[in-house]
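Residue strings, one per chain:
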Amino acid sequence: MTVAVTVPYAAYLRVYEPLAAFPEPERTHWARYARRDRIPGAQEELRRSLTDLLPVPPVPVPVHESSDAFVAVVDGIVCVCPWRTRLRGWLALEEAAEHFPASLLDAVLPPVVRRQAVADFERWLERNPDARPWIRSATWHVPVRWFVLFADEEREFTKGEDGLVLRYRTPMVEARRRVARGLKVLRESLGEGPLIDGLVDVGRWLEEFHPRSLVELDYGGLAQVVPREQLDADRSARDVAEGLAALRDGDGERAGGAYERLTERWTAVRGLQHAS
């Protein structure tokens, strides 16, 4: 029997923490891990996360937590971003219950399977009350609030082993500073709303990590499906920064132009979901 799996193209917001941020014995584990000759990349992480979709019924959350991570060297300091696939699976299951009707979820994951996963998560949280993921994901788009964390000059567009790579990287201190500035402008210009709520949530998440961490926005699978010419022209972080600057200056026309460019760009990307 052939099993067909539709893979949603996702973008990722990641935090890489220095080894000093981890307690022992985890610190030693990651130090040894970073010295390996071969470290699995994003495509390998995606492949492993999809493995549990194949059994019938599917397993919504891995039985064991991943011992893998992404690794980056920042100014000579080794930083790691643990995959934490099991934790992210539990969190994704919670989000699915909020965004999809019960009838659809029942067809994909039987209620008894979901109830068991919820019970397992509750027991796990009792033992790990401070747990948080190092990776956030979004399918078929990059949330506007993520771009607030980055500057256009931090944009990297290259060809990697698995295809095109479009990403931004910035020090944690810069990401936090930009969140604070963005929130100030939005609150003074727009008042409360979903964009502010989302940016507050991102800011709180960033506060969970070491101040010398690295923050990364990776277009992930989107870079493989969006036409190259569109990726070349994509300056979403610059548009967001321009929109915020225009709001701060009271220039509604310029802010509207930046918003229109963002809307057109990401509407086109979402349209690829239905064309694939």
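Predicted, not measured: the structure shown is a model, and the values here were computed from it.

## Brief notes about the nonpolar core
And then number 1: Judged by nonpolar contacts, the single largest core of 59 residues is most densely connected at Leu13, Val142, Phe147, Leu149, Leu206, Leu217 and Tyr219.
And then number 2: Among residues more than four places away in sequence, those in contact with Tyr219 are Ala10, Ala11, Val142, Phe147, Leu166, Tyr168, Leu231, Asp234, Ser236 and Trp266.
And then number 3: The next biggest cluster of nonpolar side chains, apart from the first, holds eight residues, and it includes Trp90, Leu93, Ala117 and Trp124.

## So, the packing of aromatic side chains
And then number 1: Tallied over the full model, the rule gives twelve aromatic pairs.
And then number 2: Relative to Trp140, the ring of Tyr9 has its centre 5.1 Å away and its plane inclined at 70°; by these criteria the two rings are edge-to-face. Highlighted residues: Tyr9 in the segment before β1 (10-18) and Trp140 in the loop between β4 (135-139) and α6 (144-147), separated in sequence by 131 residues.
And then number 3: Ring plane angle 80° and centroid distance 6.2 Å describe the contact between Phe147 and Tyr168, whose orientation is recorded as edge-to-face. Placement of Phe147 in helix α6 and of Tyr168 in strand β6 (residues 163-171) is noted, with a sequence separation of 21 residues between them. Pair check on accessibility: Phe147 and Tyr168 agree, each one buried.
And then number 4: Members of the aromatic cluster, each reached through a chain of ring pairs, are Phe22, Trp30, Tyr33, Trp134, Trp205 and Phe209.

## Overview of the pairing of strand β7 (residues 214-218)
And then number 1: Among the five residues in β7, five count as buried, and that is most of the element.
And then number 2: Judged by which residues are buried, β7 turns out to be covered on both faces: Leu214, Glu216 and Asp218 on one side and Val215 and Leu217 on the other are all buried.
And then number 3: Strand direction decides the pairing type here: β1 and β7, joined by five bridges, are antiparallel. Within the sheet, the bridge partner assigned to Leu13 lies in β7 and is Leu217.
And then number 4: In this structure, β6 lies alongside β7, joined through five bridges in antiparallel fashion. Bridging across to β7, Arg167 finds its partner in Asp218.

## Re the pattern of salt bridges
And then number 1: Scanning the entire structure with this criterion turns up 22 salt bridges.
And then number 2: Here Arg136 ties to Asp201 by a salt bridge, and the two come within 2.7 Å at their closest N and O atoms. You can see Arg136 sitting in strand β4 and its partner Asp201 sitting in helix α8 (residues 194-206), a full 65 residues away along the chain.
And then number 3: A residue is classified by how much of its surface remains accessible, and Asp201, at 37% relative accessible area, is partly exposed.
And then number 4: Connected through shared salt-bridge partners, Arg14, Glu156, Arg167, Arg169, Glu216 and Asp218 make up one network.

## Some details on the side chain of Glu216
And then number 1: If you trace the backbone, Glu216 turns up in strand β7.
And then number 2: In terms of polar contacts, Glu216 uses its side chain to reach the side chain of Tyr16, at 3.1 Å.
And then number 3: A distance of 2.8 Å separates the side chain of Glu216 from the side chain of Arg169, its partner in a polar contact.
And then number 4: Apart from residues no more than four positions distant in its own chain, Glu216 is found in contact with Tyr12, Leu13, Arg14, Tyr16, Phe150, Arg167, Tyr168 and Arg169.

## Section: helix α5 (residues 111-127)
Because the α-helix completes a turn every 3.6 residues, residues three or four places apart line up on one side.
And then number 1: Here α5 spans 25 Å end to end across 17 residues, near enough to the 24 Å set by a 1.5 Å rise per residue.
And then number 2: All buried positions along α5 are accounted for by Val113, Arg114, Ala117, Phe121 and Trp124. Considered in projection along α5, the buried side chains sweep an arc of 95° and stay on one side of the axis. Projecting away from the buried face of α5 at angles above 90 degrees are the exposed residues Val112, Arg115 and Glu126.

Definitions and cut-offs
Residues numbered from 1 in each chain as written. Predicted model: local features only at pLDDT ≥ 70, side-chain atom pairs only at ≥ 80, totals over all residues. Heavy atoms only, no water. Core = buried A, V, L, I, M, F, W, Y, C linked by side-chain atoms within 4.5 Å. Buried < 20%, exposed > 50% of the residue type's maximum accessible area, 1.4 Å probe, protein only. Contact = heavy atoms within 4.5 Å. Phe/Tyr/Trp six-rings, centres within 6.5 Å; stacked < 30°, edge-to-face > 60°. Helix = DSSP H or I, 4+ residues; strand = E, 2+ residues; numbered from the N terminus. Pairing = 2+ DSSP bridges. Salt bridge = Lys/Arg side-chain N within 4 Å of Asp/Glu carboxyl O. Polar contact = N/O pair within 3.5 Å; in protein donor to acceptor, adjacent residues only side chain to side chain. Expected span 1.5 Å × (residues − 1). Arc of directions from axis to C-beta.

Such coordinate-based values are descriptive only and should not be taken to indicate function.
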